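Descriptive analysis of the structure
This is what each chain is made of:
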Amino acid sequence: EPEVTQTPSHQVTQMGQEVILRCVPISNHLYFYWYRQILGQKVEFLVSFYNNEISEKSEIFDDQFSVERPDGSNFTLKIRSTKLEDSAMYFCASSEVGSYTEAFFGQGTRLTVV
Amino acid sequence: SQQGEEDPQALSIQEGENATMNCSYKTSINNLQWYRQNSGRGLVHLILIRSNEREKHSGRLRVTLDTSKKSSSLLITASRAADTASYFCATGYYGNNRLAFGKGNQVVVIP
């Protein structure tokens, strides 16, 4: 069964460092997303991406964040200068285009900023 | 705000029993999706119910949607120890593809 894959599964980084989280969405999906879940809290929407551009972003997704689809399969989230409060589980998701489409999530990358 | 909100429940049930959890939301939705998350792991999609549907089944799962009450329920019948997880509802809206997640319900199925 097709699935969304994310790498790495865990990442520990020093405060102020840049991190890139990687995702391979399901191959025939055209909408891609990043969400995050701070420990013990809700899953929060960060950004959606369609047709090689950001289609929507939340207030969390500030200038420290960027997304990119560098090739035909990968979708990345970059955090330029990490802060302690960026520590969270980051989920990539993808979906087909349409009004009633299921979003399928990857296993997540646990980011710890120290 | 546009958010799914589960009743903050921690259910502990015996294997074989049914588990029911609820979700409410505040504004009109396009669809509602339920996800399962095993401890610290990824989100597994369970079922999507459209705003014009009232009930949907998938295996041992039954989801209802009452748009007049802005609420949904997820029923797991004949629970198994492997059903132990957190269950989240997430609401989708017209005009965008973002999902708004609730806080989740922790379900523990005792063998």
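Scroll up to find the structure this text is about.
Residues numbered from 1 in each chain as written. Chains lettered and ligands numbered in written order. Predicted model: local features only at pLDDT ≥ 70, side-chain atom pairs only at ≥ 80, totals over all residues. Heavy atoms only, no water.

**So, the overall build of chain A**
What counts here: By definition, any uninterrupted DSSP run of H or I lasting at least four residues is a helix, any uninterrupted run of E lasting at least two residues is a strand, and each is numbered from the N terminus. Each radius of gyration reported is based on C-alpha atoms, and the globular scaling rule is 2.2 Å times the count of residues to the power 0.38. Exposure categories follow from relative accessible area, calculated using a 1.4 Å probe and restricted to protein chains: below 20% of the type maximum is buried, above 50% is exposed, and the middle band is partly exposed. Whether two residues are in contact is decided by their heavy atoms: any pair within 4.5 Å suffices. Note that accessible areas follow from Shrake-Rupley with a 1.4 Å probe, and for residues the cover is restricted to the protein chains shown. In this tally, Asp and Glu contribute negative charge and Lys and Arg positive charge; neither His nor the terminal groups of the chain are included. To locate a charge, the coordinates of NZ of Lys, CZ of Arg, CG of Asp or CD of Glu are taken.
The helix and strand tally for chain A stands at zero helices and 11 strands. Ordered by position from N to C terminus, the α and β elements of chain A give β-β-β-β-β-β-β-β-β-β-β. Rg of the C-alpha trace for chain A: 13 Å, near the compact-globule value of 13 Å for 114 residues, within the 12% margin. The buried share of chain A, reckoned over its 114 residues, is 46%. In chain A, of all internal contacts separated by at least 6 residues, the share reaching a separation of at least 24 is 53%. Carbon together with sulfur atoms contributes 45% to the accessible area of chain A, which is approximately 5800 Å² in total. Positive and negative side-chain charges in chain A, numbering 9 and 15 respectively, have mean positions lying 6 Å apart.

**As for the overall build of chain B**
Assigned secondary structure in chain B consists of zero helices and 11 strands. Here the C-alpha atoms of chain B give a radius of gyration of 13 Å, agreeing with the 13 Å that 2.2 N^0.38 yields for 111 residues. Overall, the C-alpha framework of chain B stretches about 45 × 25 × 20 Å when taken along its three principal axes. Residues classed as buried in chain B amount to 49% of the 111 residues present. Sequence separation of at least 24 residues holds for 54% of the intrachain contacts in chain B that already meet a minimum separation of 6. When the accessible surface of chain B is summed, it comes to about 5000 Å², and 45% of that surface belongs to carbon and sulfur atoms.

**Points about the interface of chain A and chain B**
Stated precisely, the cut-off is as follows: Using a 1.4 Å probe, buried area is obtained as the accessible area two parts lose upon being combined, added over both of them. Criterion for a salt bridge: a side-chain nitrogen of Lys or Arg within 4 Å of a carboxyl oxygen of Asp or Glu. When residues are grouped by polarity, Ala, Val, Leu, Ile, Met, Phe, Trp, Tyr, Cys and Pro land in nonpolar, Asp, Glu, Lys and Arg in charged, and all others, Gly among them, in polar.
Across the boundary between the two partners, chain A contributes 25 residues, which contact 25 residues of chain B. In total, about 2000 Å² of surface goes out of reach between chain A and chain B, with carbon and sulfur atoms giving 50% of it. Contact with chain B buries area across many residues of chain A, yet Lys42, Tyr100 and Phe105 of chain A alone supply 34% of it, more than any other trio. Counting every contact that joins chain A to chain B gives one salt bridge. For the side of chain A that touches chain B, the secondary structure elements donating two or more residues are strand 4 (31-37), strand 5 (43-50), strand 6 (53-57), strand 9 (88-95) and strand 10 (104-105) of chain A. Ranked by residues supplied to the side of chain A that touches chain B, first place goes to strand 4 of chain A with four residues. The residue makeup of the side of chain A that touches chain B, split by class, is 11 nonpolar, eight polar and six charged.

**With respect to the packing of aromatic side chains**
All names here are of chain A. What counts is decided by this rule: Put simply, two rings from Phe, Tyr or Trp (the six-membered ring, in Trp's case) pair if the centres are within 6.5 Å, and we call them stacked under 30 degrees between planes, edge-to-face over 60, tilted for the rest.
Counting across every chain of the model gives 15 aromatic pairs over all chains. Seen in terms of ring centroids, Tyr31 and Tyr33 are 6.0 Å apart; in terms of plane orientation they differ by 15°. Their pairing is stacked. For the pair Tyr31 and Tyr33, a shared accessibility class is recorded, and that class is buried. Note on Tyr35 and Phe105: the rings are 5.2 Å apart at their centroids and 50° apart in plane angle, and the pair reads as tilted. With a gap of 70 residues between them, Tyr35 in strand 4 and Phe105 in strand 10 connect regions that are remote in the sequence. Here the two residues Tyr35 and Phe105 agree in accessibility, since each one is buried.

**Digging into the nonpolar core**
What counts here: In this text, buried Ala, Val, Leu, Ile, Met, Phe, Trp, Tyr and Cys residues form a nonpolar core when linked through side-chain atoms within 4.5 Å.
With 24 residues, the main nonpolar core has Leu32, Trp34, Leu74 and Tyr87 of chain B as its most contacted residues. Broken down by secondary-structure element, the contributors of at least two residues to this core are strand 2 (10-14), strand 3 (19-24), strand 4 (31-37), strand 5 (43-50), strand 7 (61-66), strand 8 (71-76), strand 9 (85-92) and strand 11 (105-110) of chain B. Excluding residues within four positions of it along the chain, Leu74 of chain B makes contact with Ala19, Thr20, Met21, Trp34, Leu46, Leu61, Arg62, Val63 and Tyr87 of chain B. Residues Val4, Val19, Cys23 and Val47 of chain A belong to the second largest nonpolar core, which totals 23 residues.

**Remarks on the pairing of strand 7 (residues 65-68) of chain A**
All names here are of chain A. So the rule is basically this: Pairing between two strands requires that DSSP report at least two bridges joining them.
The pairing of strand 7 with strand 8 (residues 75-79) spans four bridges and is classified as antiparallel. Looking at strand 8, one finds that Ser66 is bridged to Lys78. What sits between strand 7 and strand 8 in their antiparallel hairpin is a turn of six residues.

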